[in-house]
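# Structural description and commentary
Listed here are the chains, written in short residue letters.
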Amino acid sequence: MSFMDYFRRKQPTASVAKERLQIIVAHQRQQRNAPDWLPSLQADVLAAIRKYVAVDDNAIDFQMEQGDGCEVLELNVTLPEKALAG
Amino acid sequence: MSKIVVVTSGKGGVGKTTTSAAFATGLAMKGYKTAVIDFDVGLRNLDLIMGCERRVVYDFVNVINGEATLRQALIKDKRIENLYVLAASQTRDKDALSQEGVKKVLDDLKADGFDFIICDSPAGIEKGAHLAMFYADEALVVTNPEVSSVRDSDRILGLLSSKTHRAANDEPCIKEHLVLTRYAPHRVETGEMLSVEDVQDILAIPLLGVIPESTAVLNASNQGAPVILDNESDAGQAYDDLIERFLGNSVDFRFIDNKKKGFFGRMFGS
């Protein structure tokens, strides 16, 4: 580090990198343990819902969780506001 | 007993081939009969790093297709006894490697009494990378302290635990080792670079070696002499430590702390 750098010291960025990585890696690992059929199930469910309500691709969130001796498939669908009004 | 070790990373340009060359050379220097195989079909480069590019007559795909014997295709290193290179083919045919073909070559190397077979994986997660890891007993996961490299290494760890021969046959898991390359302790100290501990926290696999960012690596590749042959260099010594740890000896980590600069260095240095 040279003399001038003392006057324009930048914000350290490694901690930001670590935080971002922890989040993305946790997400990747969740998908890693998921069964192979999950993406196609997700597509089918999305198609079924779309027959009735117009929702975006990211309005559906699937989570597979493993508990004591059981697996839970959690499905969250965020409906657009208009859908409820009608 | 032969051991198959894959050197892999997911991301390109992080030091897989440099690590494969140094690792294989170092093992041979310690007296183990070692072969290093380039799995990057179409983009052969290990031969250049090993300095045997003008001696490639037959390659990996020639052996698989029965156009040459393994003995004809193995290039014996001129500097180190017990060290052999099997070059990748320059064919553009992506399907040139087959699972059965790879298995046959690995089995033949085992039968030939090789102690270590090092598989230098291509970048990515396509067929070449898949086949390089498929029959491995252990894996060196080469990672730079940088977000995209760490993320890709995590993807590779997922594949190592699911898409390999050991995983498919419910055998013990592949033993995974973290190799952190291009490490710059002074940048870690200023908070600009992920530290060894940060990367270990995220990937959660045992650390085998930390190779510092070093001018010796480019000098080595320029000359086609694996960096471990430069035993004066920091990177060469770091690879030597890594191999000692791989062989089960406990060696302290070097080159991970910033050397303090003197007053003049701090005021006027870069």
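What you see is a predicted model; the values in this text were computed from it and never measured.

What counts and how
As a convention, each chain's residues are numbered from 1 in the sequence order in which they are written. For naming, the first written chain is A and the first written ligand is 1, with later ones following in the order written. Only residues with pLDDT of 70 or above have their local features reported here, since the model is predicted, and side-chain atom pairs are shown and tallied only from 80 upward, although totals for entire chains, interfaces and linings are computed over all residues. Heavy atoms throughout the structure, all of them, feed into the side-chain values; hydrogens and water do not. Helix and strand assignments come from DSSP, with helices taken as H or I runs of at least 4 residues and strands as E runs of at least 2, each series counted from the N terminus. Any two residues whose heavy atoms approach within 4.5 Å at even a single point are treated as in contact. The rule is simple: take the accessible area with a 1.4 Å probe, protein chains only, and divide by the maximum for that residue type; under 20% is buried, over 50% is exposed, in between is partly exposed. Under this definition, polar contacts are N or O atom pairs within 3.5 Å; protein pairs additionally need one hydrogen-donor-capable and one acceptor-capable atom, and for neighbouring residues in sequence, both atoms have to be side-chain atoms. A residue's pLDDT is the confidence the predictor assigns to it, expressed on a 0 to 100 scale. Here, nonpolar core refers to any group of buried Ala, Val, Leu, Ile, Met, Phe, Trp, Tyr and Cys residues whose side-chain atoms link them within 4.5 Å. A strand pair is defined by DSSP finding two or more bridges across the two strands. Under this scheme, a helix contributes an axis fitted over its contacting stretch, all axes are lines through C-alpha atoms, and angles between N-to-C directions fall in the 0 to 180 degree range.

This paragraph deals with the side chain of Ser121 of chain B. Among the secondary structure elements, Ser121 of chain B is positioned in the loop between β5 (116–120) and α6 (127–134). If near-sequence neighbours (up to four positions away) are discounted, Ser121 of chain B is found in contact with Val6, Val7, Thr8, Lys16, Phe39, Ala129 and Ala132 of chain B.

Residue and element names in this part refer to chain B. Along the chain, Ser98 turns up in the loop between β4 (83–86) and α5 (99–111). Overall, Ser98 belongs to the partly exposed group, its relative accessible area being 22%. With 116 residues separating them in the primary sequence, Ser98 and Ser214 have C-alpha atoms 37 Å apart. Sequence-distant contacts of Ser98, defined by excluding residues within four places in its chain, comprise Ile64 and Leu131. A polar contact of 3.0 Å, which involves the side chain of Ser98, links it to the backbone nitrogen of Gly101.

The next subject is the confidence of the model for chain B. Of all residues in chain B, 96% have pLDDT values of 70 or greater, and the mean over the chain is 94. Here the predicted complex scores 0.85 on pTM and 0.85 on ipTM.

This brings us to the nonpolar core. Residue and element names in this part refer to chain B. Residues Phe39, Phe60, Leu86, Leu97, Val102, Leu109 and Leu160 are the most contacted members of the largest nonpolar core, which totals 55 residues. Broken down by element, this core gets its largest block of residues, five residues, from helix α7 (residues 147–160). When neighbours within four sequence positions are excluded, Phe60 is seen to be in contact with Ile37, Asp38, Phe39, Leu86, Ala87, Leu97, Val102 and Val105. The next biggest cluster of nonpolar side chains, apart from the first, holds 37 residues, and it includes Val179, Val227, Ala235 and Ala238.

Here we come to the sheet that holds strand β8 (residues 207–212) of chain B. Residues and elements named next belong to chain B. Read across the sheet, eight strands follow the order β3-β4-β2-β5-β1-β6-β7-β8 without closing on themselves; strand pairing throughout is mixed. Two strands bound the open sheet, and with one partner strand each, they are β3 (75–76) and β8. Strand contacts of α5: β1 (3–8), β2 (34–38), β4 and β5, with the helix running at about 150 degrees to β5, the strand carrying the most contacts.

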